[in-house]
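# Structural overview
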Amino acid sequence: MTTPRSSPDHHVLAVIGSGFAGIGAAIRLESLHKGSVVLFERASTLGGVWRDNDYPGAACDVQSLLYSFSFAPSHRWRHTYARQSEIRAYLDDVARTHGLLPRLRTNCPVTSVTRDASTGRWTLETARGTSTADHVVVATGSLADPSLPSIEGIDDFDGPVFHSSQWDHDVDLTGKRVAVVGTGASAIQFVPKIQPLVQSLTVFQRTAPWVMPRDDQPISAKKRRLLKSVPGFQRAARAKIYAEREIKLLAFRNPALMRIGEKEGRAHLHHAVSDPVLREKLTPSYRMGCKRILLSDEYYPALAQPNVAVETVGVSTVTRTGVVDANGTTHEVDAIIFGTGFDTSRLPLTDSIIDENGRTMADSWGESPRAYLGTTVAGFPNLYLMHGPNIALGHTSVIMMFESQLQYIERAMRHAIEARGSIEPTERAQAEYSERIDELTEGTVWTSGGCSSWYLDPAGRNSNLWPGSILGYRSRAVRFDPARHNVRPTAVSR
């Protein structure tokens, strides 16, 4: 599976990444690659973010029945919101069932992807040699590389320092004084798990998140039997969850409606936190939905415990023994954990995807990534981005977006193969799609909610979220329009 090769090997399809997007691509495009496929994985096993994020309390914030492939339903979910270990096991099972393990090359990071105009192929340089492919799916995901703030003195700290996505399980936090920097989706899950263990916990919060009740429940054995044996039961349950989440999009697109959710969020906070000073610190000052809405029944109660302090003035420097806040107060700690999210300024690897003129995809984008249907980029034929620009979601399961992307990729790839050529969107099609994204974003909570978030790029444009419904995106993805694409014949016969 990971045997080095001394000479290039060729495939119809190369997939970079083996999380949900990569596994889904290899399976759903099988009729086109017909087994001539390889999956490159930089880590030692498959799994993507659900392999990396194994911190205490890691779980999904979308219901299990919806956060899974429609073509691979499972009756084994144990919770309404699946734990990390459940999702990891699900991905392993799907890959094994569909025969992908022999196609997987682990410990094999891709260092560059270069277009060869003379052959019409992509050349992939990897840690285990050179490969070529007619088509490439980049499934590295947008939440792959941790975002670590640059803090003076951090390298001099005597104790352990790690990011939540690189959790050091060899570190015993029992009885330790711990600093947590960041209060995003990961922090609200691991903070309640480590709070009972530590001597003290100092949480450095830059912006208070909106936290809603999670209402997680075990899935009973009876329901699991129904999911397994009753035809249509799982489809109906999944459809119900989908509809409930799609309806909530109305509030994201009409921010005044978010007042209803904000009322519930404030009640959730007031119920768990009686201290008025702490409650004030934890009260968001922006419209709900402007940043990611978080789900937890445990986070607020954990922060209200006597061994926890919430600091809102920010981190200035780190000394050998502690963290100095922006007011100059030193907090002596034994360990520092970053819950600061991921670098979403651009997709991983795009600074190493090189067109036939020597230009990288990152350079072609500048500050604001753009792609037709969030999937294909003008000037980069036969290359497809999973979780590309404007594919992330604020209200429902991104797996549904992946499956919609794959419908488009299948049609585009088939069109190229039948034409014995390469395919890319026209500049005009890409520009018009980007303009439509901007129109859909205007007036939504993401741009008018009074916050700064990773949804907006350095240019102030929404280049991360799809600002419409799943149905709205899927209707675009399934209507493949040859007129919106350029097809060029290639020198290599298929």
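We now turn to the structure provided with this report.

Rules used in this analysis
- Residues numbered from 1 in each chain as written.
- Predicted model: local features only at pLDDT ≥ 70, side-chain atom pairs only at ≥ 80, totals over all residues.
- Heavy atoms only, no water.
- Helix = DSSP H or I, 4+ residues; strand = E, 2+ residues; numbered from the N terminus.
- Rg over C-alpha atoms; globule rule 2.2 N^0.38 Å.
- Buried < 20%, exposed > 50% of the residue type's maximum accessible area, 1.4 Å probe, protein only.
- Contact = heavy atoms within 4.5 Å.
- Areas by Shrake-Rupley, 256 points an atom, 1.4 Å probe, with all protein chains shown as cover.
- Lys, Arg positive; Asp, Glu negative; His and termini not counted.
- Charge placed at Lys NZ, Arg CZ, Asp CG, Glu CD.
- Expected span 1.5 Å × (residues − 1).
- Salt bridge = Lys/Arg side-chain N within 4 Å of Asp/Glu carboxyl O.
- 1 Å grid on protein atoms, 1.4 Å probe; cavity = no way out; pocket = protein on both sides within 12 Å on 5 of 7 lines; lining within 4 Å.
- Points joined across faces, edges and corners; volume = space filled by probe spheres on them.
- Nonpolar A, V, L, I, M, F, W, Y, C, P; charged D, E, K, R; others polar.
- Axes fitted to C-alpha atoms, helices over the stretch in contact; angles between N-to-C directions.
- Parallel < 35°, antiparallel > 145°, perpendicular 65-115°, else oblique.
- Disulfide = S-S within 2.5 Å.
- Core = buried A, V, L, I, M, F, W, Y, C linked by side-chain atoms within 4.5 Å.
- Phe/Tyr/Trp six-rings, centres within 6.5 Å; stacked < 30°, edge-to-face > 60°.
- Pairing = 2+ DSSP bridges.
- Right-handed = clockwise from strand over helix to strand, strands pointing away.

With that out of the way, let us pick up the overall build of the chain. Along its length, the chain carries 15 helices and 20 strands. Here the chain has a C-alpha radius of gyration of 23 Å; the compact-globule value for 494 residues is 23 Å, and the two agree. Principal axes of the C-alpha set define a box for the chain whose edges measure 70 × 50 × 45 Å. For the chain, buried positions account for 54% of its 494 residues. For the chain, restricting intrachain contacts to residue pairs at least 6 apart in sequence, the fraction spanning at least 24 positions comes to 74%. A total of about 21,000 Å² of accessible surface is found on the chain, and carbon and sulfur atoms cover 49% of it. Here the chain contributes 55 positive and 52 negative side-chain charges, whose respective centroids are spaced 9 Å apart.

Across its 21 residues, helix 12 (residues 398–418) extends 30 Å between first and last C-alpha, which sits within 8% of the 30 Å expected from 1.5 Å per residue. Backbone geometry just downstream of helix 12 places Arg420 in the positive-phi region, at approximately 50°.

What the rule picks out here adds up to 22 salt bridges. Residues Glu41 and Arg51 are paired through a salt bridge, measuring 3.2 Å at the closest nitrogen-oxygen approach. One end of the pair, Glu41, is in the loop between strand 2 (37–40) and helix 3 (49–52); the other, Arg51, is in helix 3, and 10 residues separate them in sequence. With respect to class, Glu41 is no different from Arg51; both count as buried. Of the charged contacts in the structure, one is a salt bridge between Arg121 and Asp134, with a shortest N-O distance of 3.6 Å. Taken together, the residues span a long stretch of sequence, with Arg121 in strand 5 (residues 121–126) and Asp134 in strand 6 (residues 129–138) at a distance of 13 residues. Residues joined in a network through salt bridges with shared partners are Arg428, Glu432, Asp481 and Arg484.

It is worth spelling out the layout of surface pockets at this point. The gaps left among the atoms become clear once a water-sized probe is rolled over them. The space that makes up the second largest pocket amounts to roughly 270 Å³. Surrounding the second largest pocket, 13 residues form its lining, Gly57, Arg83, Lys193, Arg214 and Glu298 being those nearest its centre. Top contributing element to the lining of the second largest pocket by residue count: helix 5 (residues 187–194), with 3 residues. By residue class, the composition of the lining of the second largest pocket is 4 nonpolar, 3 polar and 6 charged.

This part takes up the packing of helix 12 against helix 15 (residues 470–478). To describe two helices that pack against each other, one gives the angle between their axes and the distance between the axes. One way to put it is that helix 12 packs onto helix 15 with a least axis distance of 8 Å and a crossing angle of 10°. Compared by their axis directions, helix 12 and helix 15 come out roughly parallel. Here helix 12 contributes Met400, Met401, Glu403, Ser404, Gln405, Gln407, Tyr408 and Arg411 to the contact with helix 15, which in turn contributes Ile470, Tyr473, Arg474, Ala477 and Val478.

When you line up the elements, Thr312 lands in the loop between strand 12 (308–311) and strand 13 (315–318). Overall, Thr312 belongs to the partly exposed group, its relative accessible area being 37%. Put simply, Thr312 and Lys281 are 31 residues apart on the chain and 7.3 Å apart in space, counted from C-alpha to C-alpha. Residue contacts for Thr312: discarding those within four places in its chain leaves Gln205 and Lys281.

This paragraph deals with the state of the cysteines. For the structure on display, the rule yields 1 disulfide. For Cys290, the disulfide goes to Cys451, at an S-S distance of 1.9 Å. Handedness here is read from the sign of the S-S torsion; for Cys290 and Cys451, about -100°, the answer is left-handed. Of this pair, Cys290 sits in the loop between helix 9 (276–281) and strand 11 (294–295) while Cys451 sits in the loop between helix 14 (445–448) and helix 15, and the two are 161 residues apart along the sequence. According to the relative accessible area criterion, Cys290 is buried, its value standing at 1%.

This part takes up the nonpolar core. Nonpolar side chains in soluble globular proteins generally cluster together in the buried interior. Counting residues in each nonpolar core, the largest one holds 64 residues, and the members touching the most others are Phe20, Ile23, Tyr67 and Val137. Elements that contribute at least two residues to this core include exactly strand 1 (9–16), helix 1 (20–28), strand 2, helix 4 (84–97), helix 7 (233–253), helix 12, helix 13 (427–441) and helix 15. Ignoring sequence-local partners within four residues, the contact set of Tyr67 consists of Phe20, Trp50, Cys60, Val62, Trp77, Ile87, Ser397, Val398 and Ile399. With 29 residues, the next largest nonpolar core counts Trp167, Val180, Leu278 and Val310 among its residues.

Moving on, we get to the packing of aromatic side chains. Summed over the entire model, instances satisfying the criterion amount to 17 aromatic pairs. Considering the side-chain rings of Trp77 and Tyr90, the 5.2 Å spacing of their centres and the 40° angle between planes classify their relative orientation as tilted. With a gap of 13 residues between them, Trp77 in the loop between helix 3 and helix 4 and Tyr90 in helix 4 connect regions that are remote in the sequence. The pair formed by Trp77 and Tyr90 is uniform in burial state, with each residue classed as buried. When the ring of Trp466 is compared with that of Tyr473, the centres are 5.5 Å apart and the planes differ by 70°; the resulting orientation is edge-to-face. For the pair Trp466 and Tyr473, one class covers both residues: buried. Pairwise contacts between aromatic rings join Phe20, Trp50, Tyr67, Phe69, Phe71, Trp77 and Tyr90 into one cluster.

Where burial is concerned, most of helix 1 is hidden: 8 out of the 9 residues are buried. Taken together, the buried positions of helix 1 are Phe20, Ala21, Gly22, Ile23, Gly24, Ala25, Ala26 and Ile27.

So, on to the environment of Ser147. Inspection of the secondary structure puts Ser147 in the loop between strand 6 and strand 7 (161–163). A relative accessible area of 26% places Ser147 in the partly exposed class. Put simply, Ser147 and Ser165 are 18 residues apart on the chain and 9.9 Å apart in space, counted from C-alpha to C-alpha.

In terms of residue burial, strand 8 (residues 177–181) counts as a mostly covered element, since 4 of its 5 residues are buried. One ladder, built from 5 bridges, connects strand 8 with strand 9 (residues 200–204); its direction is parallel. Counterpart to Arg177 in the pairing with strand 9 is Ser200. The β-α-β motif built from strand 8, the intervening helix 5 and the parallel element strand 9 has right-handed crossover chirality. Across 4 bridges, strand 8 lies against strand 16 (residues 335–338) in parallel orientation. Bridge pairing links Val181 to Phe338 in strand 16.

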